Amino acid sequence: MYPNQLPLEFLESKNAEYEQMLPALNEIDLLISGGYRLKNAIRHFLPQRPGEENEIYETRLKKFTYLNILSTNVNEQVSKLANAPMTIDGLDINPKFWSAFREDTDLAGRSEKNLITLIFRELLKFKKIFIHVDKPKSEVSPVNKLQEEALGLRPYVVTYSPLQVINWSESKGKLNWLKIRQVSEDNFNPITAPRKVCTWTIIDDTYVAKYSAIVELDGQGNITKVNSEMTNADTTISLVSLIPHGFNQVPVLKIELPDQLWVADQAASKAIEHLRTDCTKYDLLTMSYFQRTFKRSLKPDGDLENSYEDDVPPPTGLQHVIEVDQFQWAEPKGDIIKHMADSLKAIESQVRDLIAAGGVSSSNGAITQSGVSKQMDFAKQEAMLRSYGEIIIDFYQDLLQLVAKAAGIDGGKISATGLNSFDNDTLDSVLMKLDSVGKLDINNLKANLPPSALKVIYEQMVGMLTGNLSASQKEEINKEIELLLASIKTLDTSKV
């Protein structure tokens with residue numbers, strides 16, 4: 001199906017939605033990343049003003065300052081959801097496999113918690129993310145599952161940012177195929193200069209095909225040379241691997257937020273406004289004094305129809321010293337500085353409100369709040385987090401079932417619940433919860449609830465008290481819960 005050579009033009013073809021969204025995604029990525037990446041691209045956010053001289057513009061760029069309010073609020077949301085309790089049932093068929101997978105989802109030490117954190121952060125940033133279930137390559141083909149486990153060929157997951165997935169096709173919410181473009185640096189040889197390598201990965205319901213070449217890129221990331229040759233209409237890229245994956249479906253799942261929950265899109269413009277206002281304020285503070293001297297600004301030329309010699313008006317603007325009729329040091333009034341400081345605070349509150357990252361707890365007044373009062377202030381945040389949690393938990397259940405299929409395990413009974421209770425507690429509220437747990441009548445609950453429902457409720461309750469745990473800790477606690485519930489005698493309601 002896939003030829004040994006494909007035209008570069010075909011591999012570089014992009015989905016219309018990708019091309020439309022790419023500028024916004026790049027802006028959001030820079031704003032949230034901050035640091036040197038944003039500094040290197042600061043000209044995009046601080047354009048040169050009309051009439052501003054190049055030297056003055058370069059000086060202004062060097063005064064760049066940035067408070068990463070977008071990343072701060074996104075990270076708060078992510079940490080809240082990542083620490084919410086989550087229960088996975090149906091993993092008792094092969095507990096050893098699932099314990100290993102949940103502790104290391106990518107064969108590089110990434111835990112289940114960190115995977116959920118990554119998924120949520122990418123959703124808040126980019127609205128969607130693609131998750132690929134794959135298996136390691138092996139020179140030896142295992143003849144049975146025992147050999148596969150002995151070779152360590154268990155499934156793992158790879159995440160693709162929407163910045164990498166440049167083209168795809170889907171129907172009824174399922175992917176038909178997708179194409180991933182990744183640029184990496186080859187510095188394997190210590191005595192040669194590093195080289196850029198571009199790899200295109202095409203995944204369909206049968207194959208994973210990879211095309212790759214050494215490339216040179218321009219400032220916008222476009223390929224200008226392939227294998228040291230200038231690109232043209234005849235440029236082709238070689239196939240480097242073609243692997244049948246054996247899933248009989250595309251082994252990639254896409255999770256996407258609805259527009260109203262994509263907070264970075266809504267808050268990015270306010271973050272840019274904050275950046276520009278903050279930089280302008282700092283620029284004004286470094287220009288507190290202006291030396292002014294006497295000099296005639298206008299030179300009459302005897303021609304009543306022209307106002308200035310050579311029709312050139314005197315220069316104006318902050319970059320120029322305004323010359324008046326006396327020598328003085330003039331300090332501008334501080335009204336504008338105060339106004340800008342107030343504007344910065346207002347923008348920070350607006351961004352926080354857009355992301356729903358909590359209420360007055362962001363102020364010093366939160367210190368004196370009780371646990372109940374603080375929880376009321378976080379009502380909006382919790383409502384948003386529950387919406388995210390519902391989307392992510394449903395997706396994660398589908399992901400685990402796909403992993404089970406890759407491992408040859410029955411995943412039909414796998415179910416995921418949770419991510420709907422969030423830790424906004426203080427010490428007094430935790431003590432109140434523990435006191436409430438002590439008053440629970442488990443016998444009465446066991447008499448009035450189905451056993452499976454009681455087990456799920458008990459696991460969620462314990463999860464709320466203990467917070468996020470490792471897979472092995474969760475497994476151990478769930479076993480202890482089963483033993484505890486089994487030891488409790490059912491209440492005889494006929495004697496009540």
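As the structure is a computational prediction, the values presented were derived from the model and not from experiment.

The next thing to look at is the overall build of the chain. Across its full length, the chain holds 17 helices and 15 strands. Of all 496 residues assigned to the chain, the portion counted as buried reaches 39%. For the chain, restricting intrachain contacts to residue pairs at least 6 apart in sequence, the fraction spanning at least 24 positions comes to 73%. Just so you have it, the chain exposes about 28000 Å², and 53% of that area is on carbon and sulfur atoms.

In a regular helix each residue adds 1.5 Å, so 29 residues correspond to 42 Å; helix α13 (residues 379-407) covers 41 Å between its end C-alpha atoms and thus fits that length. Looking at the residues trailing α13, positive phi occurs at Gly 408, about 75 degrees.

The sheet built from three strands is open, its strands ordered β4-β3-β12 with antiparallel pairing. The sheet is open, and its two borders are formed by β4 (156-160) and β12 (252-256), each paired with just one other strand. Each adjacent strand pair in this sheet contributes to an overall mean axis angle of 25 degrees, direction not counted. Sheet topology places strand β3 (residues 128-134) next to β12; five bridges connect them, and they run antiparallel.

Tracing the sequence through the fold places Glu 185 in strand β6 (residues 174-186). Residue class for Glu 185 comes out partly exposed when judged on its relative accessible area of 47%. Expressed as a C-alpha distance, the spacing of Glu 185 and Val 197, which sit 12 residues apart in the sequence, is 6.0 Å. Not counting chain neighbours up to four residues away, the residues in contact with Glu 185 comprise Pro 194, Arg 195 and Lys 196.

Per-residue pLDDT for the chain averages 82, and the proportion of residues at 70 or more is 77%. Strand β13 (residues 290-292) is the least confidently modelled element of the chain, averaging 47 in pLDDT, while β12 averages 97, the highest of any element. Note that pLDDT drops below 50 for residues 289-294; the model gives that stretch 26 contacts with residues more than four away or on any other chain. Residue range residues 491-496 is modelled with pLDDT below 50. Its contacts to residues more than four positions away, or to other chains, number five contacts.

To describe two helices that pack against each other, one gives the angle between their axes and the distance between the axes. Remark: helix α6 (residues 69-82) packs on α13, axes separated minimally by 10 Å, with the N-to-C direction vectors making an angle of 65 degrees. Note on packing geometry: the crossing formed by α6 with α13 is right-handed. Of the residues in α13, those touching α6 at Glu 76, Gln 77, Lys 80 and Leu 81 are Gln 381, Leu 385, Tyr 388, Gly 389 and Ile 392. Looking at side-chain class alone, the contact of α6 with α13 contains four nonpolar, three polar and two charged residues.

In this structure the tally under the stated criterion is six aromatic pairs. Ring geometry for Phe 97 against Trp 98: centres 5.0 Å apart, planes inclined by 75 degrees, an arrangement best described as edge-to-face. Taken as a pair, Phe 97 and Trp 98 share a single burial class, namely buried. Ring geometry for Trp 98 and Phe 101: centres 6.0 Å apart, planes at 90 degrees, overall edge-to-face. Here Trp 98 pairs with Phe 101, and both are found in helix α7 (residues 95-103), just three residues apart, close to one helical turn. Judged on exposure class, the residue Trp 98 and its partner Phe 101 are both buried.

With 73 residues, the main nonpolar core has Leu 31, Trp 98, Leu 275, Tyr 388, Tyr 396 and Leu 399 as its most contacted residues. At 14 residues, α13 tops the list of elements feeding residues into this core. In this structure Tyr 388 touches Gln 77, Phe 120, Leu 124, Leu 257, Leu 261 and Val 263, once residues within four positions along its chain are discounted. Ranked by size, the runner-up nonpolar core spans 15 residues in total, among them Tyr 2, Cys 198, Val 215 and Leu 239.

The next subject is the pattern of salt bridges. Overall, the coordinates contain 23 salt bridges when judged by the stated rule. Across the salt bridge formed by Glu 12 and Arg 181, the nearest N and O atoms sit 2.7 Å from each other. Residue Glu 12 is located in the loop between α1 (8-11) and α2 (16-33), and its partner Arg 181 is located in strand β6; the two are separated by 169 residues in the primary sequence. In this structure, Glu 12 and Arg 181 share a single accessibility class: buried. Residue Arg 386 is joined to Glu 382 by a salt bridge in which the shortest nitrogen-to-oxygen separation is 3.3 Å. Placement of the pair is Arg 386 and Glu 382 together in helix α13, with a separation of four residues, close to one helical turn. Judged by relative accessible area, which is 39%, Arg 386 ranks as partly exposed. By relative accessible area, which is 13% here, Glu 382 ends up buried. Each of the salt bridges in this network shares a partner with another, and the network as a whole consists of Lys 127, Glu 170, Lys 254, Glu 256 and Asp 259.

For the rest of this paragraph, the subject is the side chain of His 132. Mapped onto the secondary structure, His 132 falls in strand β3. Here the side chain of His 132 touches Tyr 160 through a polar contact of 3.3 Å, side chain to side chain.

If you trace the backbone, Ser 212 turns up in strand β8 (residues 207-217). The spatial distance from the C-alpha of Ser 212 to the C-alpha of Leu 239 is 6.8 Å, given a sequence separation of 27 residues. When neighbours within four sequence positions are excluded, Ser 212 is seen to be in contact with Val 197, Cys 198, Thr 199, Ile 237, Ser 238 and Val 240. Within polar-contact distance, the side chain of Ser 212 engages the backbone oxygen of Cys 198 at 3.4 Å.

Here the focus is the pairing of strand β2 (residues 86-89). Of the two faces of β2, the one carrying Met 86 and Ile 88 and the one carrying Thr 87 and Asp 89 are both buried. Of the strand pairs in this sheet, β2 and strand β15 (residues 415-418) are connected by four bridges, and their pairing is antiparallel. Along β15, the bridge assignment pairs Thr 87 with Thr 417.

The rules behind the values
- Residues numbered from 1 in each chain as written.
- Predicted model: local features only at pLDDT ≥ 70, side-chain atom pairs only at ≥ 80, totals over all residues.
- Heavy atoms only, no water.
- Helix = DSSP H or I, 4+ residues; strand = E, 2+ residues; numbered from the N terminus.
- Buried < 20%, exposed > 50% of the residue type's maximum accessible area, 1.4 Å probe, protein only.
- Contact = heavy atoms within 4.5 Å.
- Areas by Shrake-Rupley, 256 points an atom, 1.4 Å probe, with all protein chains shown as cover.
- Expected span 1.5 Å × (residues − 1).
- Pairing = 2+ DSSP bridges.
- Axes fitted to C-alpha atoms, helices over the stretch in contact; angles between N-to-C directions.
- pLDDT = per-residue confidence, 0-100.
- Left-handed = near helix turned anticlockwise from the far one by under 90°.
- Nonpolar A, V, L, I, M, F, W, Y, C, P; charged D, E, K, R; others polar.
- Phe/Tyr/Trp six-rings, centres within 6.5 Å; stacked < 30°, edge-to-face > 60°.
- Core = buried A, V, L, I, M, F, W, Y, C linked by side-chain atoms within 4.5 Å.
- Salt bridge = Lys/Arg side-chain N within 4 Å of Asp/Glu carboxyl O.
- Polar contact = N/O pair within 3.5 Å; in protein donor to acceptor, adjacent residues only side chain to side chain.

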